[in-house]
Amino acid sequence: EAQVTQNPRYLITVTGKKLTVTCSQNMNHEYMSWYRQDPGLGLRQIYYSMNVEVTDKGDVPEGYKVSRKEKRNFPLILESPSPNQTSLYFCASRQLVTDTQYFGPGTRLTVL
Amino acid sequence: AQSVTQLGSHVSVSEGALVLLRCNYSSSVPPYLFWYVQYPNQGLQLLLKYTSAATLVKGINGFEAEFKKSETSFHLTKPSAHMSDAAEYFCAVTDTGRRALTFGSGTRLQVQP
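In this report, the structure presented in the accompanying data block is examined. (Residues numbered from 1 in each chain as written. Chains lettered and ligands numbered in written order. Predicted model: local features only at pLDDT ≥ 70, side-chain atom pairs only at ≥ 80, totals over all residues. Heavy atoms only, no water.)

### A few points about the pairing of strand E10 (residues 87-94) of chain B
Residues and elements named next belong to chain B. Summarising burial for E10: 8 of the 8 residues are buried, a large majority. What you see with E10 is no split at all: Ala 87, Tyr 89, Cys 91 and Val 93 on one side and Glu 88, Phe 90, Ala 92 and Thr 94 on the other are buried throughout. Here strand E5 (residues 32-38) pairs with E10 via 7 bridges, running antiparallel. Within E10, the position partnered with Tyr 32 by the bridge is Thr 94. Pairing geometry for E10 and strand E12 (residues 107-112), over 3 bridges, is antiparallel. Along E12, the bridge assignment pairs Ala 87 with Leu 109. (Buried < 20%, exposed > 50% of the residue type's maximum accessible area, 1.4 Å probe, protein only. Helix = DSSP H or I, 4+ residues; strand = E, 2+ residues; numbered from the N terminus. Pairing = 2+ DSSP bridges.)

Okay, here's the thing in structure tokens:
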């Protein structure tokens, strides 16, 4: 089944404790992206990647890192999480030649 | 820079009534436009998209949207609401480079019996 998976789905952590949210897709998509969703703000793009080893900042990249060492994986790294990073995070992917993004199920992160 | 404005964070309609969700965009280049739906506790699902072909776009579940360049709008409509349409709807825009996707703040649709 074609899908985007994220792990973990729920995470509660404390300020400053490094964490990684994994994202994997099995559709051989070149493009992958991370978004955060906050009430009243919709989804805002954090980082995106057009292909392996090619990443770029979205609208709200501060406090986040990403890497794209393999085509299927695009982990989101929070090196020193803060409470303002409490949010619902979505990973998405698509082929470069199409416009339809496929979204993962989301990761709800709480930073205390 | 591109942006999307969705008028009305909450819309309530009766079952069987017309659904109209509004979306206006600003983009310095001809845009690609999308409507996504998010059901409770789920990810986003594409409803329909405009990519410079026909201005009236039909999507899944009976939804459609019309691209109006003169009004910079891409409103979503459905002739007859169903209870299962209750969800949050997001309008989004990307430029022809298709790099970043910018979302509106969302409209939560309630359908009353």
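### Things to note about the packing of aromatic side chains
Enumeration according to the criterion identifies 14 aromatic pairs over all chains in this entry. Ring centres of Tyr 25 of chain B and Phe 67 of chain B lie 5.9 Å apart, and the angle between their planes is 25°; this geometry places the pair in the stacked category. Placement of the pair is Tyr 25 of chain B in strand E4 (residues 24-26) and Phe 67 of chain B in strand E8 (residues 64-68), with a sequence separation of 42 residues. Phe 67 of chain B carries the same exposure label as Tyr 25 of chain B, and that label is buried. Taking 5.8 Å as the distance between ring centres and 50° as the angle between the ring planes, the aromatic pair formed by Tyr 36 of chain B and Phe 103 of chain B counts as tilted. Of the two residues, Tyr 36 of chain B sits in strand E5 while Phe 103 of chain B sits in strand E11 (residues 101-103), which places them 67 residues apart along the sequence. Residue classification places Tyr 36 of chain B among the buried residues on the basis of a relative accessible area of 0%. In this structure an aromatic cluster arises from ring pairing among Tyr 35, Phe 90 and Phe 103 of chain A together with Phe 34, Tyr 36, Phe 90 and Phe 103 of chain B. When the ring centre of Tyr 31 of chain A is taken as reference, the NZ or CZ atom of Arg 94 of chain A above it lies at 4.2 Å. (Phe/Tyr/Trp six-rings, centres within 6.5 Å; stacked < 30°, edge-to-face > 60°. Lys NZ or Arg CZ within 6 Å of the ring centre and 35° of its normal.)

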